[in-house]
Amino acid sequence: MLLSEKNAMTEEIEELCSNYGSYRESLLPILNDIQLRFGYVSEFAQQEIARVLDIHPVEVYGVVTFYSFLSPKRLGKYIIRLCRTISCDMAEKSSIARVLERELGIRFGETTSDMKFSLEYTNCLGMCDESPAMLINEQVFTKLTPHRVAEIIRKYK
Amino acid sequence: MPIINNKELFPTDYNDRILIEALKKTPQDIIYEIRESGLKGRGGAGFPTGTKWNLASAAVAEKKFVVCNADEGEPGTFKDRVLLTDYLPMVIDGITLGGRAIGAQKGYIYLRGEYRYMLGRLENYIAQMISENRLGNNILGTGFDFTIEIRLGAGAYICGEESALIESMEGHRGEARNRPPFPVNRGYFCYPTIVNNVETFASVAVIISKGADWFKSFGTSKSPGKKLLSVSGDCRKPGVYEVPFGINVKELLKLVDARKTKAVQIGGASGYCLPRSQFDRTISFEDASTGGSVIIFNQTRDMLSVLKNFQEFFVEESCGQCTPCRVGNKKLLDGVEKIEQGECSISYIRELMDLGRSMQMASKCGLGQSAPNSFISIVTHFENEIFSSR
Ligand SMILES: Cc1cc2nc3c(=O)[nH]c(=O)nc-3n(C[C@H](O)[C@H](O)[C@H](O)COP(=O)(O)O)c2cc1C
Ligand code: SF4
Ligand code: FES
């Protein structure tokens, strides 16, 4: 990480802390915002958050690794999360999965080399009546068909 | 899509003027009305809401909190999404009435990370409520101060469990606490806290406006009122249905136009699987109890792969804190894979059923206690199918 990037991160974290308050209960809101803005919560970010909240960095690491939407590893700009739970599974989620892998040229759990897309599975998105469903960042897409998925990916590319 | 049928309990033309009338009532009157209605929690466990609120109201503390559980992670459940989308005024009024009833000044909505796309709309609505003085200080001149803040989850099913939810709100890993003490005595930062489901709060708003007797005119004596069901899987009309408690599975299948049904999963992955022979069972707390999830399987479905899907869910979502759940779920999944490969003896299956029963007794929280339900019910009812093809 460049020094200028580090400074920008520190500034961002300090600002979030002054918005949410420097309390332990602000940890998850801060982490959610950092994740959304940078696509991951880097080791440096974890240390800085620990410093401003005055808690041990291990506490921050423990929380980051507990929640599936927080990542200590850098992910792509667009994180695609396909639901693999039962109702989507029965609605041919596996054909959607194949289209995603083919269109992006990566497997589930991987990130494209241009850092644009990450592909992951997730559990029930609460869209079972419109299955199969997926998220791209916070945006939800339902009633997916192979054709529609390819269209959606093209728009994001 | 809003609720598909009926809409008696959750009318699309909800009259939001009831709030001012309701806030003129004393906290005791509100609690009395809710107790009279016999409302039980809609999140799955079915604890009587009036009793919970009474306990929190009786607790002596300098602060109290109301938490609306919008974590909705149970596979096959999506009725809270519909309530938050199309019936938000009822949910917010219900939370406010909860605050009034127990003497809290602050409410939270714990919204699952998957529903982040709703966040902007929810925040705008709350801001509008504040500008109309329907939230904030001295609400509508009644002398009652109450605000609501939204807390976003980050993708963890266990955070729907009320004590794990509170841990998460406090900025920790979502690991369930030992209970007792219950949140009504020691909840958010050890202050008395009521945690209720989205649908429970929406139901409160209706009960206060239409009265306990009206509410009790629906349903059964042990399960008064109506319930939202989230129906998905093999049917022509999936969606959210408003049904009176006591409706049986057969009637429900007709309502949603399901054909050639082989089995119905009631209560999501942590619920039970009912075979055809049990389709006269009723949806109610005393019989087939559900937080709202109904998943339908037709004759083409392989019940072992259904079970595998559920079991993978639990292995993934266990918080890992206690052994029966962390290791037990893994063992059950291994067993399912063994069956799949035709390598599992009937006697080993019996051992796994025993393991499941131990998990029900020895796990620390509801996740591990209910995780084996699917395994036990599917293996019991579909043993022939599962083994004959392998
Ligand atoms: C693993 C697990 C997940 C749960 N998820 C939810 C949930 O998403 N929403 C919910 O309202 N209750 C959930 N519950 C039940 C809550 O612990 C709690 O009983 C409920 O929020 C109380 O509200 P109610 O009485 O209004 O139902 C869950 C319980 C367990 C054990
Ligand atoms: S039962 Fe499972 S989810 Fe609950 S505390 Fe134990 S390991 Fe965690
Ligand atoms: S099973 Fe995929 S959204 Fe519920």
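In this text the structure is predicted, and so the values were computed from the model without any measurement. (Residues numbered from 1 in each chain as written. Chains lettered and ligands numbered in written order. Predicted model: local features only at pLDDT ≥ 70, side-chain atom pairs only at ≥ 80, totals over all residues. Heavy atoms only, no water.)

A.B. asks: Describe the overall build of chain A, listing the residues and the values that go with them.
C.D. replies: Scanning chain A from terminus to terminus reveals seven helices and four strands. Counting from the amino terminus, chain A carries its helices and strands in the arrangement α-α-α-α-β-α-α-β-β-β-α. Counting only contacts in chain A whose residues sit at least 6 apart along the sequence, the fraction spanning at least 24 positions is 61%. Total accessible area on chain A is roughly 7,500 Å²; 47% of this is exposed by carbon and sulfur atoms. When the 19 positive and 22 negative side-chain charges of chain A are each reduced to one mean point, those points stand 9 Å apart. (Helix = DSSP H or I, 4+ residues; strand = E, 2+ residues; numbered from the N terminus. Contact = heavy atoms within 4.5 Å. Areas by Shrake-Rupley, 256 points an atom, 1.4 Å probe, with all protein chains shown as cover. Lys, Arg positive; Asp, Glu negative; His and termini not counted. Charge placed at Lys NZ, Arg CZ, Asp CG, Glu CD.)

A.B. asks: Tell me about the interface of chain A and chain B, and name the residues and values.
C.D. replies: Contacts between chain A and chain B engage 34 residues on the former and 50 residues on the latter. Summed over both partners, the interface of chain A with chain B buries about 3,100 Å², with 57% contributed by carbon and sulfur atoms. The largest per-residue losses of area from chain A upon contact with chain B belong to Phe66, Met90 and Asp129 of chain A, which jointly make up 21% of the total buried on that side. Our enumeration of links across chain A and chain B arrives at three salt bridges. Across the pair Glu316 of chain B and Arg84 of chain A runs a salt bridge whose closest N-O atoms are separated by 2.6 Å. Linking chain A to chain B there are 21 residue pairs in polar contact (both at pLDDT 80 or more). Of the residues in the side of chain A that touches chain B, the class split is 17 nonpolar, eight polar and nine charged. (Buried area = accessible area lost by both parts, 1.4 Å probe. Salt bridge = Lys/Arg side-chain N within 4 Å of Asp/Glu carboxyl O. Polar contact = N/O pair within 3.5 Å; in protein donor to acceptor, adjacent residues only side chain to side chain. Nonpolar A, V, L, I, M, F, W, Y, C, P; charged D, E, K, R; others polar.)

A.B. asks: With reference to specific residues and values, describe the site of ligand 1.
C.D. replies: Residue and element names in this part refer to chain B. Neighbouring residues of ligand 1: 19 residues in total, closest Gly43, Glu72, Asn196, Asn197 and Thr200. For ligand 1, the accessible surface in isolation is 610 Å², of which the surrounding protein chains cover 89%. Put simply, the parts of the chain that give the shell around ligand 1 at least two residues each are β4 (193-197) and α14 (366-370). With three residues, the top contributor of residues to the shell around ligand 1 is β4. Residue composition of the shell around ligand 1, by class: four nonpolar, nine polar and six charged. (Near = heavy atom within 4 Å.)

A.B. asks: So what's going on with the side chain of Asn248 of chain B? Residues and values would help.
C.D. replies: All names here are of chain B. Assignment of secondary structure puts Asn248 in the loop between β6 (239-244) and α10 (249-255). Polar contacts involving the side chain of Asn248 include one to the main-chain amide nitrogen of Lys250, which spans 3.1 Å. Within the local environment of Asn248, its side chain forms a polar contact with the backbone nitrogen of Glu251, the two atoms lying 2.8 Å apart. Apart from the residues lying within four places of it in its own chain, the contact partners of Asn248 are Phe279, Asp280, Arg281 and Thr282.

A.B. asks: Residue-level account of helix α1 (residues 3-20) of chain A, with values.
C.D. replies: Residues and elements named next belong to chain A. Taking 1.5 Å per residue, 18 residues should reach 26 Å; α1 reaches 26 Å between its end C-alpha atoms and fits that length. Within the sequence span of α1, burial applies to Met9, Thr10, Glu12, Ile13, Leu16 and Cys17. Projected down its long axis, α1 shows its buried positions confined to an angular sector of 160°, all on one face. Along α1, the residues that are exposed and aim more than 90 degrees away from the buried face are Leu3, Ser4, Glu11, Glu15, Ser18 and Asn19. (Expected span 1.5 Å × (residues − 1). Buried < 20%, exposed > 50% of the residue type's maximum accessible area, 1.4 Å probe, protein only. Arc of directions from axis to C-beta.)

A.B. asks: Any details on the pairing of strand β1 (residues 78-83) of chain A? Residues and values, ideally.
C.D. replies: It is a general feature of regular strands that their side chains alternate between the two faces of the sheet. All names here are of chain A. Counting buried positions along β1 gives six out of six residues, so the element sits mostly inside the fold. A two-sided burial pattern is seen for β1, the buried positions comprising Tyr78, Ile80 and Leu82 on one face and Ile79, Arg81 and Cys83 on the other. As judged from the six bridges shared by β1 and strand β2 (residues 117-122), these two strands associate in the parallel manner. Residue pairing in the sheet places Arg81 in a bridge with Glu120 of β2. (Pairing = 2+ DSSP bridges.)

A.B. asks: Tell me about the site of ligand 2, and please be specific about residues and values.
C.D. replies: Lining the immediate environment of ligand 2, one finds Ile158, Ser318, Cys319, Gly320, Gln321, Cys322, Cys325, Ser363, Lys364, Cys365, Leu367 and Gly368 of chain B. Each residue belonging to the shell around ligand 2 can be placed in one class, and the counts come to six nonpolar, five polar and one charged.

A.B. asks: Go over the domain arrangement of chain A with me, naming the residues and quoting the values.
C.D. replies: Split by domain assignment, chain A resolves into domain 1 (3-66) and domain 2 (78-156). A straight line from the C-alpha centre of domain 1 of chain A to that of domain 2 of chain A covers 29 Å. (Domains from an automatic or database assignment.)

A.B. asks: Help me get a handle on the packing of aromatic side chains, residues and values and all.
C.D. replies: Evaluation of the coordinates by the stated rule reveals 18 aromatic pairs over all chains. Between the aromatic rings of Phe65 of chain B and Tyr188 of chain B, the centroid separation amounts to 5.0 Å while the plane-to-plane angle is 80°, which identifies the pairing as edge-to-face. One end of the pair, Phe65 of chain B, is in strand β1 (residues 65-70); the other, Tyr188 of chain B, is in the loop between α7 (162-169) and β4, with 123 residues separating them in the sequence. The exposure class of Tyr188 of chain B is buried, given its relative accessible area of 2%. Here the aromatic cluster, defined as three or more aromatic residues joined through ring pairs, consists of Phe65, Tyr108, Tyr188, Phe189 and Tyr191 of chain B. The lysine or arginine in question, Arg81 of chain A, covers the ring of Phe69 of chain A, its NZ or CZ lying 4.1 Å from the ring centre. (Phe/Tyr/Trp six-rings, centres within 6.5 Å; stacked < 30°, edge-to-face > 60°. Lys NZ or Arg CZ within 6 Å of the ring centre and 35° of its normal.)

A.B. asks: Outline the domain arrangement of chain B, supporting the account with residue identities and numerical values.
C.D. replies: All names here are of chain B. Entries for chain B in the domain assignment read domain 1 (3-216), domain 2 (226-298) and domain 3 (303-388). Between the C-alpha centres of domain 1 and domain 2 the distance comes to 26 Å. With 25 residues of domain 1 at the interface, the matching set in domain 2 holds 24 residues. Taken together, the two surfaces of domain 1 and domain 2 that pack against each other cover about 1,900 Å², and 58% of this comes from carbon and sulfur.

A.B. asks: Residues and numbers for the packing of helix α5 (residues 88-102) of chain B against helix α6 (residues 119-131) of chain B, please.
C.D. replies: Residues and elements named next belong to chain B. Their axes nearest at 12 Å, the elements α5 and α6 cross at an angle of 60°. Judged on the interaxial angle alone, α6 and α5 are oblique. Considering only the axes of α5 and α6, their crossing is right-handed. Residues Leu88, Pro89, Ile92 and Asp93 of α5 touch α6, and the partners they reach there are Arg121, Leu122, Tyr125, Ile126 and Met129. Within the contact of α5 with α6, the residues separate by chemical class into seven nonpolar, no polar and two charged. (Axes fitted to C-alpha atoms, helices over the stretch in contact; angles between N-to-C directions. Parallel < 35°, antiparallel > 145°, perpendicular 65-115°, else oblique. Left-handed = near helix turned anticlockwise from the far one by under 90°.)

A.B. asks: Go over the pairing of strand β9 (residues 293-298) of chain B, please, and point to the residues and values.
C.D. replies: All names here are of chain B. Taking burial as the measure, the six residues of β9 include six buried ones, the bulk of the element. Burial of the side chains of β9 extends over both faces: Ser293, Ile295 and Phe297 are buried on one face and Val294, Ile296 and Asn298 on the other. Of the pairings in the sheet, the one linking strand β5 (residues 226-233) to β9 comprises four bridges and is parallel in character. Bridging across to β9, Ser232 finds its partner in Ile295. Of the strand pairs in this sheet, strand β7 (residues 261-266) and β9 are connected by five bridges, and their pairing is antiparallel. Within β9, the residue paired with Val264 across the bridge is Ile296.

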